[in-house]
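Given next are the chains, with one letter for each unit.
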Amino acid sequence: MKYAYCIENGVLNGRRFAVGCLTDTDHLAELRKALSGIPETVPEIEDAEDAEDLEMALAGILETYCPKETAACAMMMEMNGEDTPAAILIGNPHDEEEETDDELEEIQKDLWCAIYPEGPGFVIGGPKEVAEKAKDIVYGMRYMDQDPWESLAAYLNTQEITAFLYVAEDPNARGILHASAWNGTATVRLGG
């Protein structure tokens, strides 16, 4: 499948956020319109008392605003004006079975997702072997308490993949959201 990405960032309930999604090329305009329709105030975010509540509210936003053709989304949001994102999530916005267990999950044909407790998370379009190697890179770097972003990006630049989403906190206390597909590449950072 030929994927396209769309990124939106802004402020929800006074908190900076960024969301990146993948969809098939036929539905890119619909996805852009849907994401631009996220309101500036969402009651569930206002009521969030901790990162888990905030992640649940963000998941609800993605499920509500992303068209059913959306293949994958990554979203991050700061907590109460802090520079560090308090919530990150990634996966298919319409799949309630997503887990944070370090396992690789095929969320569509040849579209692989992995998310680690407290991040990072990624989605890769391509062969399972590439996604497994990416998972090993992330796991190994996390085990050594190092940021996997640059090593993962360097590896994926040598592979033939159709799409890539990545979301995490980086060592400089800034959230990072990266998206790439046939229509280009973009990286957004919160904080700094």
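These numbers were taken from a predicted model, which means no experiment stands behind them. All residue numbers refer to position in the chain's written sequence, counted from 1. pLDDT decides what is reported in this predicted model: residues at 70 or higher carry local features, side-chain atom pairs at 80 or more are listed and counted, and totals for whole chains, interfaces and linings draw on all residues regardless. No hydrogens and no water enter the side-chain calculation; it runs on all heavy atoms of the structure.

(A) How the structure looks around a nonpolar patch on the surface. Like-charged residues are merged into a patch within 9 Å and nonpolar side chains (Val, Leu, Ile, Met, Phe, Trp, Tyr) within 5 Å, provided each residue has over 30% relative accessible area and no salt bridge. Note on areas: Shrake-Rupley with a 1.4 Å probe; residue coverage comes only from the protein chains shown. For this analysis, a salt bridge means a side-chain nitrogen from Lys or Arg found within 4 Å of a carboxyl oxygen belonging to Asp or Glu. Side chains of Tyr139, Tyr143 and Met144 sit close together on the surface and give an oily, nonpolar patch of about 410 Å² of accessible area. A run of DSSP states H or I qualifies as a helix once it reaches four residues; a run of E qualifies as a strand once it reaches two. Both are numbered from the N-terminal end. With respect to the element layout, Tyr143 can be found in helix α4 (residues 128–143).

(B) How the structure looks around a negative patch on the surface. Together, Glu44, Glu46, Asp47, Glu49, Asp50, Glu52 and Asp53 line one region of the surface with negative charge. Tracing the chain through its elements places Glu46 in helix α2 (residues 43–46). Three labels apply to residues, based on accessible area from a 1.4 Å probe with only protein chains included: buried if under 20% of the type maximum, exposed if over 50%, partly exposed otherwise in between. Here Glu46 falls in the exposed class, since its relative accessible area comes to 54%. His is not counted, nor are the chain ends, whereas Lys and Arg count as positive and Asp and Glu as negative. We put the charge of a Lys on NZ, of an Arg on CZ, of an Asp on CG and of a Glu on CD.

(C) Spotlight on the pairing of strand β9 (residues 175–181). Burial of β9 is extensive: seven of the seven residues sit out of reach of the surface. Of the two faces of β9, both are covered, the one formed by Gly175, Leu177, Ala179 and Ala181 as well as the one formed by Ile176, His178 and Ser180. Being paired, for any two strands, means DSSP has found at least two bridges between them. Two strands pair when backbone bridges link them, and strand β8 (residues 163–169) and β9 are joined in this way by six bridges, in the antiparallel orientation. Across the sheet, the residue bridging to Leu165 is Ala179, located in β9. With antiparallel pairing between neighbouring strands as the criterion, β9 and strand β10 (residues 184–190) make up a hairpin whose turn holds two residues.

(D) Up close: the pattern of salt bridges. According to the stated counting rule, one finds three salt bridges in the structure shown. Among the salt bridges present, the one from Lys109 reaches Asp110, with a minimum N-O distance of 3.7 Å. On the basis of relative accessibility, which here comes to 69%, the residue Lys109 falls in the exposed class. A relative accessible area of 35% places Asp110 in the partly exposed class. Residues Lys128 and Glu132 are paired through a salt bridge, measuring 3.9 Å at the closest nitrogen-oxygen approach. With Lys128 and Glu132 both in helix α4, this residue pair falls four residues apart, about one helical turn. Taking the relative accessible area as the measure of exposure, Lys128 reaches 38% and is therefore partly exposed. Given the relative accessible area of 35%, Glu132 is considered partly exposed.

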